[in-house]
Amino acid sequence: MEAPPSITFYSDRQRQLEAFDDTKAGLKGLVDAGVEKIPDIFAHALMPLTRTQKRCFMGVHRFFEQDTVVKKQFYTRDYTKKVVYNTNYDFFSSPAANWRDSFFCFMAPSPPQPDELPEPHAEEVCHLVDSNCEEQGREL
């Protein structure tokens, strides 16, 4: 008789956790070993992405992969701007900085125009604006 999926998942996860812990090398050990894919034990369970979410995430990915010179045009701590890119929002007020860059745009009360957006995002944002924004907002 085959084990129910949840038991199998727990069993596999438990073995993976124990194997990682047994190395006693920590996360740096993964880096030193040349691991290129983050092991599943570090992934949070996500709901399946919708087509719109996938488009947005791909746009964000393309933004972060651009040359620094291009990204600098959008780097700001001025949250009155419609488009913001920076290193964690509480950089100057938190006791320790987060290892995170953020890109976001304000969609209300008036969304950014395509020429205000970085190239990788223009199509995705225009798609969101042209579709039912309230429904898309709940979806995202």
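The structure this text deals with has already been given above.
Residues numbered from 1 in each chain as written. Predicted model: local features only at pLDDT ≥ 70, side-chain atom pairs only at ≥ 80, totals over all residues. Heavy atoms only, no water.

### A look at the overall build of the chain
Item 1. The number of helices and strands found in the chain is six helices and two strands.
Item 2. In sequence order, the secondary structure elements of the chain are arranged as α-α-α-α-β-β-α-α.
Item 3. Residues counted as buried form 23% of the 140 residues belonging to the chain.
Item 4. Of the contacts formed within the chain by residues at least 6 apart in sequence, a portion of 40% connects residues at least 24 apart.
Item 5. For the chain, the exposed area adds up to about 10,900 Å²; of that, 59% sits on carbon and sulfur atoms. (Helix = DSSP H or I, 4+ residues; strand = E, 2+ residues; numbered from the N terminus. Buried < 20%, exposed > 50% of the residue type's maximum accessible area, 1.4 Å probe, protein only. Contact = heavy atoms within 4.5 Å. Areas by Shrake-Rupley, 256 points an atom, 1.4 Å probe, with all protein chains shown as cover.)

### Structural notes on helix α3 (residues 51-64)
Item 1. The end-to-end C-alpha distance of α3, which contains 14 residues, comes to 20 Å, matching closely the 20 Å that a straight helix rising 1.5 Å per residue would cover.
Item 2. Residues of α3 that are buried include every one of T52, Q53, C56, G59 and F63, and no others. Viewed along the axis of α3, the buried residues span an arc of 125°, placing them on a single side of the element. (Expected span 1.5 Å × (residues − 1). Arc of directions from axis to C-beta.)

### A closer look at the environment of S102
Item 1. Here S102 shows up in strand β2 (residues 101-105).
Item 2. Once the C-alpha coordinates of S102 and N88 are considered, the two residues, 14 residues apart in sequence, prove to be 6.3 Å apart.
Item 3. Beyond its immediate chain neighbours, meaning those up to four positions away, S102 contacts F64, V84, Y85 and N86.

### A closer look at the packing of aromatic side chains
Item 1. The full count for this structure, using the stated rule, is ten aromatic pairs.
Item 2. With centroids separated by 5.5 Å and ring planes inclined at 70°, the aromatic side chains of F63 and F64 adopt a geometry described as edge-to-face.
Item 3. Residue F64 is classed as partly exposed on the basis of its relative accessible area, which comes to 24%.
Item 4. Here a set of aromatic residues connected by ring pairs shows up, and it is made of F63, F64, F74, Y75, Y85 and F103. (Phe/Tyr/Trp six-rings, centres within 6.5 Å; stacked < 30°, edge-to-face > 60°.)

### Overview of the pairing of strand β1 (residues 83-87)
Both faces of the sheet carry side chains from a regular strand, because those side chains alternate between them.
Item 1. Most of β1 sits out of view: five of its five residues are buried.
Item 2. With burial as the criterion, each face of β1 is covered, one bearing V83, Y85 and T87 and the other bearing V84 and N86.
Item 3. Relative to β2, β1 runs antiparallel, the two being bridged by five bridges. Bridging across to β2, Y85 finds its partner in F103. (Pairing = 2+ DSSP bridges.)

### A look at the nonpolar core
Item 1. F63, F74, V83, Y85, F103, C105 and L117 form the largest nonpolar core, which has seven residues in total.
Item 2. Where this core is concerned, the elements lending two or more residues are β1 and β2. (Core = buried A, V, L, I, M, F, W, Y, C linked by side-chain atoms within 4.5 Å.)

### With respect to a nonpolar patch on the surface
Item 1. Together, L27, I38 and F42 give the surface a local cluster of nonpolar side chains, amounting to about 310 Å² of exposed area.
Item 2. Turning to its location among the elements, L27 is positioned in helix α2 (residues 26-32). (Patch = residues over 30% accessible without salt bridge, like charges linked within 9 Å, V, L, I, M, F, W, Y side chains within 5 Å. Salt bridge = Lys/Arg side-chain N within 4 Å of Asp/Glu carboxyl O.)

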